[in-house]
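Residue strings, one per chain:
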Protein chains: 2
Amino acid sequence: MYEPFDMTMAIEAFRNRLVSGESQPLDWWHLCRERIAAREPEVQAWEVLAPRTPEPPAAGLLCGVPVGLKDIIETRDLPTAWGTGGYLGTPGSLVDAALVTLLERQGALIMGKTVTTELAYFTPGKTRNPHDLTRTPGGSSSGSAAAVAAGMVPLAFGTQTAGSIIRPASYCGVFGFKPTFDAVSLAGIKSFAPSLDTLGWFANHIEDICTTFSALTRAPAIDALPTLDGVRVGVRSLPSDRVLDADVQRALARTRIRLERLGANVVPLPLDERFAALVEYQKEVMAYEAAQTLASEHRQHADSMGPRLVALIEEGQTLPYARYRQAQQAANELRQVLSRFFVDEVDVILAASAQGVAPEGLQATGDPLFCRAWTLLGVPCLNLPLGRGHQGLPVGVQLIGDRFQDDRLLAIAGCLMQVRPG
Amino acid sequence: MYEPFDMTMAIEAFRNRLVSGESQPLDWWHLCRERIAAREPEVQAWEVLAPRTPEPPAAGLLCGVPVGLKDIIETRDLPTAWGTGGYLGTPGSLVDAALVTLLERQGALIMGKTVTTELAYFTPGKTRNPHDLTRTPGGSSSGSAAAVAAGMVPLAFGTQTAGSIIRPASYCGVFGFKPTFDAVSLAGIKSFAPSLDTLGWFANHIEDICTTFSALTRAPAIDALPTLDGVRVGVRSLPSDRVLDADVQRALARTRIRLERLGANVVPLPLDERFAALVEYQKEVMAYEAAQTLASEHRQHADSMGPRLVALIEEGQTLPYARYRQAQQAANELRQVLSRFFVDEVDVILAASAQGVAPEGLQATGDPLFCRAWTLLGVPCLNLPLGRGHQGLPVGVQLIGDRFQDDRLLAIAGCLMQVRPG
């Protein structure tokens, strides 16, 4: 039998235990299964679990790490239902999603498929927030965020088209990382709006976010900066004209203090008024592309689809091409403008992840509003589970870097997370 | 029975016949089936044909237009084999590719699946060039180009990751259009390198290229410019340090004369030396992304795969992330530089589509070299079948516009094509 250990240890600590012989490659798997048996009846994070214990993995950056996959990620050996409750579903796909092979090549163990909202839009699944079972975990990557927060797996994958990683990470109190657009292949993952869809992941440790980035992209290992001396942080949420809940304001203020204590120079970021239009542009790009991308699903299954999804697709079907083009062109231009800010003014941006803590009820998944602009810009975004709001509920903030500067963003976040909260 | 008519008429002319009652909605379908029966034994453009005559379509911009789909485009009712000869294959997918619904909504009729190279890379299928059966039609969209060139269908779809539309269009003497990156959804189409893959189409008339663009994007109808007075054309092939075959040089010179006769101002385009690196960058992006995207296919089927595909994937598996990132960042920057050229200096660029006419033999599909840079830049590219080379073989040239200026590019090309060759 396996030796019990701290379930919430970081991936690297488990790798060290494997090297020293303290743990065997399937130990974490078995611990996770126990944890799932205990917590799943309440949390309901899983659509389906792997029916068998896998072969012991040999090696890799993720050797023996059990992972959850959002149920829009296709697998040969497990069914996929895309959160449709059955109107779309397959007992197994012809080919695994590329992600599955990239993970298994690094020794990861596929624990199962996590609950997603319907086709990764708004209609919720069954999952509850592990911190308060009467509240939403957020969406669309609901089950992945909740599974990590409940300690059922140390790593789980999701996708973000509007705010489907950062928002549930904030509500569930875990790290959630959306890398630069196109950093990891979406092959075998249901698309929604191809110029926005981004694969990302949840973990309980910033180091695990970094390890996973290296494992999937083959980027060099990312070390936390020793200090934030000279690091410039711009504070700016988008949209900027909304009053954030006091919980979020406090979390931002506390993060700012932590940053400054580490030597960072924290300043307001003066983004001009063109950035205010990005939220609307993101909605238009999403509607236009979803209407194209889900045209066949809509034709076959509109009667079974949730009304909000049907409404989005039908809105997209009537959105003029000129509007779509304008939104894309503006986004292109603002990506360049923002890149110049990242050269001239700041290293990272600090922003709200969401309006407040996880809303009450399971009939909706909260609002992705504060993620929309950043997703359209294609920049890497990292939710830091740094705050506690009323009733002790988690409150996240995001750190945002420039496109392809994922390693820089993660190195800064790594430093920030080494300090105990002040 | 149907009334015979000119098979090679434009889509709009057929629509007029439908309106006037001269033709019935399935007439073009039946004519195409006859043409396929006559030509297919030699040309071998089709992987599978629709087994039944479809229901008569009611309306739409493509009402009654038979279309061919490259066999990486998934369909519920027809098998897909992705050019693998069987190591991957399905008798029918769970959902149609988005394109299928977008086409059928406009009244198009799916004639069948056209031959593709293996997974849209280099290993050729069975298709021959209709202009000389001993020569390649080009690839990877081999069957779609050949089917249109042989008059088997007026419209067929393919994808371009390096040069898979423009090159076969040039070799087969048809129009081939690769719109702006992301203009039409690839949902349900096998991906290869997601930041390069672009859906496009082949036709015998520039008007049909335009009609199809409007049908799929809902952009307004595109009219040919009445004259090219004031239109600025920059001449520049990429790479620019290769000597083009005399056939292509003559085709470029003749196109230049036609442009000038219509009032255009034709000048050399001074792109700086950074553009010279784009060909290598495209290769690196393609290898890196293919290694990720086809990771599962490679794991399951490397033994059955063609050696060039295996070599590309394995090259991509070892390409450092830093090289991939550098290529993507350089491409981003050059997209902006080129956009400024498109504002300040030129309206369109005239460039070689390929080194020369279709090479002899069916063991290879020619070189996409002269398309690689433009594909990485994401700009719309249109092959014009304007030239005839030695032995009367087709020679194309490309016109290239700025991203999202597809309508401007097509309006200029429309004017150019109204003049008879001088």
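Keep in mind it's a predicted model, so treat the numbers as computed, not measured.

At the interface, 54 residues of chain A touch 54 residues of chain B. Counting every contact that joins chain A to chain B gives six salt bridges. Two residues, R299 of chain A and D96 of chain B, come together in a salt bridge whose shortest N-O distance is 3.1 Å. The interface formed by chain A and chain B includes 33 residue pairs in polar contact (both at pLDDT 80 or more). Listed by contribution, the elements that provide at least two residues to the side of chain A that touches chain B are α3 (98–105), α6 (206–217), α8 (278–293), α9 (295–301), α10 (307–318), α11 (321–344) and α13 (406–418) of chain A. With seven residues, α11 of chain A is the largest single contributor of residues to the side of chain A that touches chain B. Here the residues of the side of chain A that touches chain B are counted per class, giving 22 nonpolar, 19 polar and 13 charged.

Residue and element names in this part refer to chain A. Strand order across the open sheet formed by eleven strands is β1-β3-β2-β4-β6-β5-β10-β11-β9-β7-β8, with mixed pairing between neighbours. The strands lining the two open edges of the sheet, one partner per strand, are β1 (46–49) and β8 (265–268). Within this sheet the neighbouring strands show an average axis-to-axis angle of 30°, counted without direction. For β1 and strand β3 (residues 109–114), the ladder comprises three bridges, and the chain directions are antiparallel. Counted as the bridge partner of L49 is G112 from β3.

Residue and element names in this part refer to chain B. For I313, the position within the fold is in helix α10 (residues 307–318). Each C-alpha atom of the pair I313 and L294 lies 7.6 Å from the other, and the pair is 19 residues apart in sequence. Aside from chain neighbours lying at most four places away, what touches I313 is A290, A291, L294, H298 and M305.

Here the focus is the side chain of D208 of chain A. Relative to the elements of secondary structure, D208 of chain A occurs in helix α6. Here D208 of chain A sits buried without a salt bridge, and the closest side chain of opposite charge, R15 of chain A, lies 7.8 Å off (N-O distance).

The next subject is the packing of α8 of chain A against helix α12 (residues 369–377) of chain A. Residues and elements named next belong to chain A. Two elements in contact, α8 and α12, have axes whose closest approach is 8 Å; the angle formed by their N-to-C orientations is 75°. By the angle between their directions, the pair α8 and α12 is classed as roughly perpendicular. Contact with α8, carried on its side by L278, V279, Y281, Q282, K283, V285 and M286, involves L369, R372, A373, L376 and L377 of α12 and no other residues of that element. In the contact of α8 with α12, the residues fall into nine nonpolar, one polar and two charged.

So, on to empty space enclosed by the protein. Tallied over the full model, the rule gives eleven cavities of 30 Å³ or more. Within this model, the largest cavity holds a volume of roughly 520 Å³. Forming the boundary of the largest cavity are 27 residues, of which F181 and R335 of chain A together with F181, N332 and R335 of chain B lie nearest the centre. Going through the elements one at a time, α11 and α12 of chain A together with α11 (321–344) and α12 (369–377) of chain B are the ones with two or more residues in the lining of the largest cavity. A class-by-class count of the residues in the lining of the largest cavity yields eight nonpolar, 13 polar and six charged.

This part is about α12 of chain B. Residue and element names in this part refer to chain B. Among the nine residues of α12, nine are classified as buried, and the element is accordingly described as predominantly covered. Of all the positions in α12, only L369, F370, C371, R372, A373, W374, T375, L376 and L377 are classed as buried. At the exit of α12 stands G378, carrying a positive phi of roughly 75°.

Another aspect to go through is the sheet that holds strand β4 (residues 155–160) of chain B. Residues and elements named next belong to chain B. Strand order across the open sheet formed by eleven strands is β1-β3-β2-β4-β6-β5-β10-β11-β9-β7-β8, with mixed pairing between neighbours. Every other strand in the sheet has two partners, leaving β1 (46–49) and β8 (265–268) as the edge strands with one partner each. Direction aside, the axes of adjacent strands within the sheet are offset by 30° on average. Bridge count for strand β5 (residues 175–178) against strand β10 (residues 381–388) is three bridges, and the pairing is antiparallel. Opposite F177, over in β10, you have L382 as the bridge partner. Strand contacts of helix α2 (residues 27–43): β1, β2 (66–70) and β3 (109–114), with the helix running at about 20° to β3, the strand carrying the most contacts.

Where charged atoms of side chains with opposite charge meet at close range, the side chains can pair. Residue and element names in this part refer to chain A. Evaluation of the coordinates by the stated rule reveals 32 salt bridges over all chains. E297 serves as the salt-bridge partner of K190, at 2.6 Å between the closest nitrogen and oxygen. Of the two residues, K190 is situated in the loop between β5 (175–178) and β6 (198–203) and E297 in helix α9; the sequence distance between them amounts to 107 residues. As far as burial versus exposure is concerned, K190 and E297 are alike and both buried. Among the ionic pairs, E333 bridges to R274, the shortest N-O distance being 3.0 Å. Of this pair, E333 sits in helix α11 while R274 sits in the loop between β8 and α8, and the two are 59 residues apart along the sequence.

Moving on, we come to the UniProt feature "domain: Amidase" (unreviewed entry) in chain A. Under the UniProt annotation, "domain: Amidase" (unreviewed entry) lies at residues 58–410 of chain A. The annotated region residues 58–410 of chain A carries 35% helix and 16% strand content, and the separation between its end C-alpha atoms amounts to 28 Å.

This paragraph deals with the layout of surface pockets. Residue and element names in this part refer to chain B. By volume, the second largest pocket amounts to about 830 Å³. Lining the second largest pocket are 40 residues, and of these F175, N204, H205, I206 and E207 sit closest to its centre. When residues of the lining of the second largest pocket are traced back to their parent elements, those giving at least two are α1 (11–20), α4 (142–149), α6 (206–217), β10, β11 (394–400) and α13 (406–417). Broken down by element, the residue count for the lining of the second largest pocket peaks at five residues, all from α6. Among the residues forming the lining of the second largest pocket, the class breakdown is 21 nonpolar, eleven polar and eight charged.

Our focus in this paragraph is the relation of the copies chain A and chain B. The operation relating the two chain copies consists of a rotation about an axis and a shift along that axis. For the pair chain A and chain B, the relating rotation is 180°, the translation along its axis is 0.0 Å, and the fit reaches an RMSD of 0.0 Å. Taken together, the rotation and translation relating the two chain copies correspond to the operation of a two-fold axis. Considering only C-alpha atoms, the part of chain A nearest the rotation axis is Q336 of chain A, at 4.2 Å. When the interface residues of chain A are mapped onto chain B, 100% of them are again interface residues, pointing to one common binding face.

Residues and elements named next belong to chain A. Following the sequence through the fold, E12 ends up in helix α1 (residues 11–20). When its relative accessible area of 43% is taken as the criterion, E12 is described as partly exposed. A sequence separation of 199 residues divides E12 from T211, and the C-alpha atoms of the two residues are 8.2 Å apart.

Here we take up unusual backbone geometry. All names here are of chain A. P239 follows L238 through a cis peptide bond whose omega is 0°. Considering the arrangement of structural elements, one finds P239 in the loop between β7 (232–235) and α7 (246–261). Look at L119: it is not a glycine, yet its phi comes out positive at around 50°. Locating L119 in the fold gives a position in the loop between β3 and α4 (142–149). Phi angles above zero are rare outside glycine, and D182 is one such case at about 75°. Summarising the element assignment, D182 is placed in the loop between β5 and β6.

A word on the packing of aromatic side chains. For the structure shown, the criterion picks out 18 aromatic pairs over all chains. Ring plane angle 15° and centroid distance 4.1 Å describe the contact between Y288 of chain B and Y324 of chain B, whose orientation is recorded as stacked. Of the two residues, Y288 of chain B sits in helix α8 (residues 278–293) while Y324 of chain B sits in helix α11, which places them 36 residues apart along the sequence. Note on Y288 of chain B: relative accessible area 2%, which makes it buried. What links up through ring pairs into an aromatic cluster is the set F157, F177, W201 and F213 of chain A together with Y288, Y321 and Y324 of chain B. Taking the ring centre of W82 of chain B as reference, the NZ or CZ of K190 of chain B above it sits at 5.1 Å. Lying across the ring of F122 of chain B, R308 of chain B places its NZ or CZ 4.1 Å from the centre.

So, how was this worked out
Residues numbered from 1 in each chain as written. Chains lettered and ligands numbered in written order. Predicted model: local features only at pLDDT ≥ 70, side-chain atom pairs only at ≥ 80, totals over all residues. Heavy atoms only, no water. Contact = heavy atoms within 4.5 Å. Salt bridge = Lys/Arg side-chain N within 4 Å of Asp/Glu carboxyl O. Polar contact = N/O pair within 3.5 Å; in protein donor to acceptor, adjacent residues only side chain to side chain. Helix = DSSP H or I, 4+ residues; strand = E, 2+ residues; numbered from the N terminus. Nonpolar A, V, L, I, M, F, W, Y, C, P; charged D, E, K, R; others polar. Pairing = 2+ DSSP bridges. Axes fitted to C-alpha atoms, helices over the stretch in contact; angles between N-to-C directions. Buried < 20%, exposed > 50% of the residue type's maximum accessible area, 1.4 Å probe, protein only. Lys, Arg positive; Asp, Glu negative; His and termini not counted. Parallel < 35°, antiparallel > 145°, perpendicular 65-115°, else oblique. 1 Å grid on protein atoms, 1.4 Å probe; cavity = no way out; pocket = protein on both sides within 12 Å on 5 of 7 lines; lining within 4 Å. Points joined across faces, edges and corners; volume = space filled by probe spheres on them. UniProt positions renumbered as here; feature names shortened; annotations may be inferred. Least-squares fit on C-alpha atoms with pLDDT ≥ 70 in both. Phe/Tyr/Trp six-rings, centres within 6.5 Å; stacked < 30°, edge-to-face > 60°. Lys NZ or Arg CZ within 6 Å of the ring centre and 35° of its normal.

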